[in-house]
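# Breakdown of the fold
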Amino acid sequence: MSESPCQFCTPLDVRDRDYLQKDGFPGEYPHTRGSYAVPVYATPFGEVLEGGVVAPRAGQYAGYGTVEETRDLWRAEKRRGANIAFDLPTQCGYDSDNPLAEGEVGRAGIAVDTLDDLETLYEAFEGLTTLDGMVSNFTINAPCNIILAMYFALAEKKGVPMAKLHGTPQNDILKEFAARGTYIFPPEPSMRMIRDTITYCSKYAPEINVISICGYHMREAGASEVQSAGFTFSHAIAYVQLGLNAGLDIDQFIRRFTFLDFGGGMDFWREIARARANRRIWARIMKERFGAKNPRSWIMSGGDTIFVGPSAYTLQRPLNNLVRGVIGGVMGYLGAGFTFGGFPWDEVYGLGHSYEARQLSLDAGRILRYEAKLKQVVDPLGGSYFVEALTDEVEEEIWDVIRKLEDVGGAVEAVKSGHIQQEIARSAYKFHREIETGERVIVGVNKFTGEEELEVVPPRLVPHPYDPKKLESAAERQLARLARIKKERDQGRVDGALKAVHKAAKKEDENLVPYFMDAVKAYATVGEICDVLRDVFGEYEVPSIL
């Protein structure tokens, strides 16, 4: 060999290092070594998350067919929280009876056309808990404030003050433009609606997390670990500026900003370095850029883990996905964050379709914690010449991504010009090109695929209680439900509420949430409200990035 394929580090790689400025202690600035002095996974709350049974814990992301079917399933599972997967028409602001929704109603989640749908869904928790005793998470972005308005209206009907509601909408529209695709309006009015969420909830619903900023979707679209982090932080900076421009104090509202996760791959050391660098970068953004005074404001809320996403899993030899999930769990512990056993085997999207996969995931996390005892030490790799040098290297690469976006005018301008989309596309092409050439090895896909290799596929023994055949009639039943609501509602009240939304939308400084609440209480549909906004705001046109 002309050179060694292995790297070796010495004290020279971390010379002139100020420990307190670069690393510090867990729970203290700059949080490189952990967000909290005692990590969440080492507390009694962590034991609750591990669960004692296979039944899903409160808030597991799910949604099946129609709201009635999801309600009945959740009731049978005795859920005490909602984490709602919406179908694509709902996410894109179309009603189930819109011709563009044909073939998609109830497929990727549940259809929510009107407040009546949400009222029916939440019947699942009657007798188990109340709205002020549970958490509701909504994976929705462009029509987010309309769904929040439904939730607030539901609480009003049940006599629960908005100030006592807990939950998190995703509400991260910039990553929709960058990667995921469920956008509706152009960037400026879309950002205005997030501003409305921040200001309205700060005043009336202070326990609602106003946003869940995501790097995961960009990572799944092809972004590298560095790009995913850099783009996510740039998006976060733009969202923070919305609150500041509205006159809010950063220490007042920033604790209601959360991160979902940054995605993850199988590059063990770089993922750990990225997780450590992320905490340090966010702490510095908060303290040095925005001048946050409260030490709690320097902590990155959520996203403090390494989530090996579905793009790292394979259709071939699916049991190998269990191994990949466990490796991700180990990375999470070593990166001083929260962890779990991944989505192994035949359930790589984590929608709860396989109880056996859920059992494997839970047990993987439990084994890492209780048998391997990984919870006993916080940031065990801290001080390693290699890991500290790599953390510094990855951090600088992430800052470089952030600076490049600043050079083109910030995250919003980078989305409008197609800069972020182009960077993700280039990274995705590079990744798949490496697989095709064999430079990047994927076991069972482009290497170790000979005739002597075995395809191990154990049978699924426990059927899921939701019969997939029900999907065949879900759209028809949802259309009938929507037709009934439209026939029974007061159309004059609906028209008046929609007219008020149209008038308010033309005023840049007007907060639209109260108008959405009036509209949904009249049983105006998501599609009708979005059509009014389309008329005022227009629709987003994808820039050419070729």
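Residues numbered from 1 in each chain as written. Predicted model: local features only at pLDDT ≥ 70, side-chain atom pairs only at ≥ 80, totals over all residues. Heavy atoms only, no water.

### Observations concerning the domain arrangement of the protein
Assigned domains of the protein: these are domain 1 (8-38 + 182-199 + 213-441) and domain 2 (55-170 + 458-546). Facing the 36 residues of domain 1 at the interface are 47 residues of domain 2. Between domain 1 and domain 2, a total of about 3,400 Å² is buried, with carbon and sulfur atoms accounting for 56% of that surface. When the buried surface of domain 1 facing domain 2 is broken down by residue, Thr182, Ile184 and Arg192 rank first, second and third, together holding 21% of it. Put simply, the parts of the chain that give the side of domain 1 that touches domain 2 at least two residues each are α8 (187-204), α14 (355-371), α16 (411-417) and α17 (419-437). Counting residues per element, the side of domain 1 that touches domain 2 draws most heavily on α8, at eight residues. The residue inventory of the side of domain 1 that touches domain 2, partitioned by class, reads 16 nonpolar, 13 polar and seven charged. (Domains from an automatic or database assignment. Contact = heavy atoms within 4.5 Å. Buried area = accessible area lost by both parts, 1.4 Å probe. Helix = DSSP H or I, 4+ residues; strand = E, 2+ residues; numbered from the N terminus. Nonpolar A, V, L, I, M, F, W, Y, C, P; charged D, E, K, R; others polar.)

### Overview of the pairing of strand β3 (residues 135-139)
Judged by how many residues are buried, β3 sits mostly within the fold: four of five residues are covered. Summarising the sheet, strand β2 (residues 82-85) and β3 pair through four bridges and their orientation is parallel. Bridge pairing in β3 places alanine 82 opposite serine 136. Alignment of β3 against strand β4 (residues 166-169), held across four bridges, turns out to be parallel. The residue of β4 that forms the bridge with serine 136 is glycine 167. Read from β3 through helix α6 (residues 144-157) to β4, the crossover connection turns out right-handed. (Buried < 20%, exposed > 50% of the residue type's maximum accessible area, 1.4 Å probe, protein only. Pairing = 2+ DSSP bridges. Right-handed = clockwise from strand over helix to strand, strands pointing away.)

### What to know about the packing of aromatic side chains
All told, the structure shown has 21 aromatic pairs when counted by the stated rule. One aromatic cluster in this structure is built from Trp74, Tyr122, Phe125, Phe138 and Tyr151. Its guanidinium or amino end placed over the ring of tyrosine 29, lysine 287 lies 4.2 Å from that ring's centre, counting from NZ or CZ. One Lys or Arg, lysine 287, reaches over the ring of tryptophan 298 and ends 4.7 Å from the middle of that ring. (Phe/Tyr/Trp six-rings, centres within 6.5 Å; stacked < 30°, edge-to-face > 60°. Lys NZ or Arg CZ within 6 Å of the ring centre and 35° of its normal.)

### Side note on the pattern of salt bridges
For the structure shown, the criterion picks out 50 salt bridges. In this structure, arginine 17 engages aspartate 392 in a salt bridge whose closest nitrogen and oxygen atoms are separated by 2.5 Å. With a gap of 375 residues between them, arginine 17 in the segment before α1 (19-22) and aspartate 392 in helix α15 (residues 385-407) connect regions that are remote in the sequence. Exposure remark for arginine 17: the relative accessible area of 23% places this residue in the partly exposed category. A residue is classified by how much of its surface remains accessible, and aspartate 392, at 19% relative accessible area, is buried. Among the salt bridges present, the one from glutamate 68 reaches arginine 481, with a minimum N-O distance of 2.5 Å. Highlighted residues: glutamate 68 in helix α3 (residues 67-76) and arginine 481 in helix α18 (residues 471-488), separated in sequence by 413 residues. On the basis of relative accessible area, glutamate 68 is assigned to the partly exposed category, the value being 26%. Taken together, the shared-partner salt bridges in this structure form one network comprising Arg17, Lys22, Asp23, Arg33, Arg276, Arg280, Arg284, Asp379, Glu388, Asp392 and Glu395. (Salt bridge = Lys/Arg side-chain N within 4 Å of Asp/Glu carboxyl O.)

### Observations regarding the state of the cysteines
In the structure shown here, the tally under the stated rule is zero disulfides. With no disulfide of its own, cysteine 9 lies 12 Å from the sulfur of cysteine 6, the closest cysteine sulfur. Between cysteine 214, a free cysteine, and cysteine 144, which holds the nearest cysteine sulfur, the sulfur-to-sulfur gap is 11 Å. A relative accessible area of 0% means that cysteine 214 is categorised as buried. (Disulfide = S-S within 2.5 Å.)

### A few points about the sheet that holds β4
Strands sit in the order β1-β2-β3-β4 across an open sheet of four strands; the sheet is parallel. A single partner strand is all that each edge strand has here, and the edge strands are β1 (61-62) and β4. Here β1 pairs with β2 via two bridges, running parallel. Counterpart to tyrosine 61 in the pairing with β2 is asparagine 83.

### Focus: the pairing of β2
Covered by surrounding structure in β2 are Ala82 and Ile84 together with Asn83 and Ala85, the residues of both alternating faces. In the classification by handedness, the crossover that spans β1, the intervening α3 and the parallel β2 is right-handed.

### A look at the packing of α8 against helix α20 (residues 513-521)
Two numbers describe how α8 lies on α20: the axes approach to 10 Å, and their chain directions differ by 90 degrees. Put simply, α8 runs roughly perpendicular to α20. The segment α8 lies against α20, with Met193, Asp196 and Tyr200 engaging Val513, Pro514, Phe516 and Met517. (Axes fitted to C-alpha atoms, helices over the stretch in contact; angles between N-to-C directions. Parallel < 35°, antiparallel > 145°, perpendicular 65-115°, else oblique.)

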